[in-house]
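Descriptive analysis of the structure
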Amino acid sequence: MSGFFWGALPYIAITFIVLGTAYRYWTGERGWTTKSSQFLAKDSLKVAGPLFHLGLFMALGGHIIGILIPKSLTDGVGISEHLYHIIALGGGIPAGIFFLLGFFLLMRRRFDTPRMKVNTSQMDGVIYLVLGLTIITGFGGTLLNAVGLLGDEFNYRETISPWFRSVLAMSPDAELMADVPIIFKCHLLLAMLTMILFPFTRLVHCLSFPFEYFMRNNIVYRRK
């Protein structure tokens, strides 16, 4: 099973997110939307939305740096392992707090507001559950690793990071994941499940940018 989870599943997830997203766009462009609910509960979105997206961008940035930049490169420019982890935690912990708090507030808004709840589909519930567990396991793993509860010998830069780069290089080394703590394995599996579900959810809206917004005519609103 290890060979499937860490050798084949990543490519299955990538195939789903690429081909599935393309298929949905070509066959159902009118459904390509986040199904904006701002008019149903506007005030509660003012804090939850910015917190969630700020945490998301910070977490993505931290993942990109931690995964794609090899340990040999940071060692070469004089950044010690201790200093690297201080920098990583300095950005990772605030990112996790913003991300998790924003997600919790968005879920409270969606499931605790009657008008929002009736406009929530079954697929919304599935992706929120999977995404929530992905955030919790990622943040939990970071905290447990920071306080040394995952063992002094574990270093994700010597296991998870090179495994991820081996996947990108089309030569996955599943053995690198053998001794990775279970919480990080769950985080990675949930992340791949999120990728598989992505094309069939409202999350596809993050791939769009309203370029025409800057050139459209102003919309005039009048009070009744």
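Please read all numbers here as calculations on a predicted model, not as lab measurements.

Counting 18 residues, the largest nonpolar core has W6, I160 and M177 as its most contacted members. Counting only elements with at least two residues in this core, the list comes to α1 (2-27), α7 (160-168) and α8 (182-197). Ranked by the residues each element gives to this core, the list is headed by α8, at 5 residues. Setting aside its immediate chain neighbours within four residues, I160 contacts F154, M177, V180, F184 and L188. One finds A59, L106, Y128 and L197 within the second-largest nonpolar core, a separate group that totals 14 residues.

Looking now at the packing of aromatic side chains. Applying the stated criterion to the full structure yields 9 aromatic pairs. Where F52 meets F103, the ring centres are 6.4 Å apart and the plane angle is 35°; that geometry is what we call tilted. Separated by 51 residues along the polypeptide, F52 in helix α2 (residues 45-68) and F103 in helix α4 (residues 81-112) bring together distant segments of the chain. The pair formed by F52 and F103 is uniform in burial state, with each residue classed as buried.

A word on a nonpolar patch on the surface. Nonpolar side chains collect at one region of the surface, where M1, F4, I12, F16, M123, V126 and F200 lie side by side and expose about 630 Å² of accessible area between them. Elements with a contribution of two residues or more to the nonpolar patch: α1 and α6 (122-146). Examining the composition of the nonpolar patch, we find that 3 residues originate from one element, α1, more than from any other. Topologically, F200 is positioned in the segment after α8. Its relative accessible area of 45% is what places F200 among the partly exposed residues.

Moving on, we come to the pattern of salt bridges. Going through the model one piece at a time under the given rule, you end up with 4 salt bridges. Here K71 makes a salt bridge to E81, at a shortest N to O gap of 3.9 Å. Of this pair, K71 sits in helix α3 (residues 71-76) while E81 sits in helix α4; the two residues are 10 residues apart in sequence, bridging distant segments of the chain. Looking at K71, the relative accessible area reads 24%, which means it is partly exposed. Residue class for E81 comes out partly exposed when judged on its relative accessible area of 22%. In this structure, the salt-bridge partner of R157 is E81, at a minimum N-O distance of 3.3 Å. Here the residue R157 occupies a position in the loop between α6 and α7, and E81 occupies one in helix α4, the gap between them amounting to 76 residues. Here R157 falls in the buried class, since its relative accessible area comes to 3%. Here the salt bridges do not stand alone but share partners, grouping K71, D75, E81 and R157 into one network.

Definitions and limits used
Residues numbered from 1 in each chain as written. Predicted model: local features only at pLDDT ≥ 70, side-chain atom pairs only at ≥ 80, totals over all residues. Heavy atoms only, no water. Core = buried A, V, L, I, M, F, W, Y, C linked by side-chain atoms within 4.5 Å. Buried < 20%, exposed > 50% of the residue type's maximum accessible area, 1.4 Å probe, protein only. Helix = DSSP H or I, 4+ residues; strand = E, 2+ residues; numbered from the N terminus. Contact = heavy atoms within 4.5 Å. Phe/Tyr/Trp six-rings, centres within 6.5 Å; stacked < 30°, edge-to-face > 60°. Patch = residues over 30% accessible without salt bridge, like charges linked within 9 Å, V, L, I, M, F, W, Y side chains within 5 Å. Areas by Shrake-Rupley, 256 points an atom, 1.4 Å probe, with all protein chains shown as cover. Salt bridge = Lys/Arg side-chain N within 4 Å of Asp/Glu carboxyl O.

In short, the description is geometric, and any link to function would need to be established separately.
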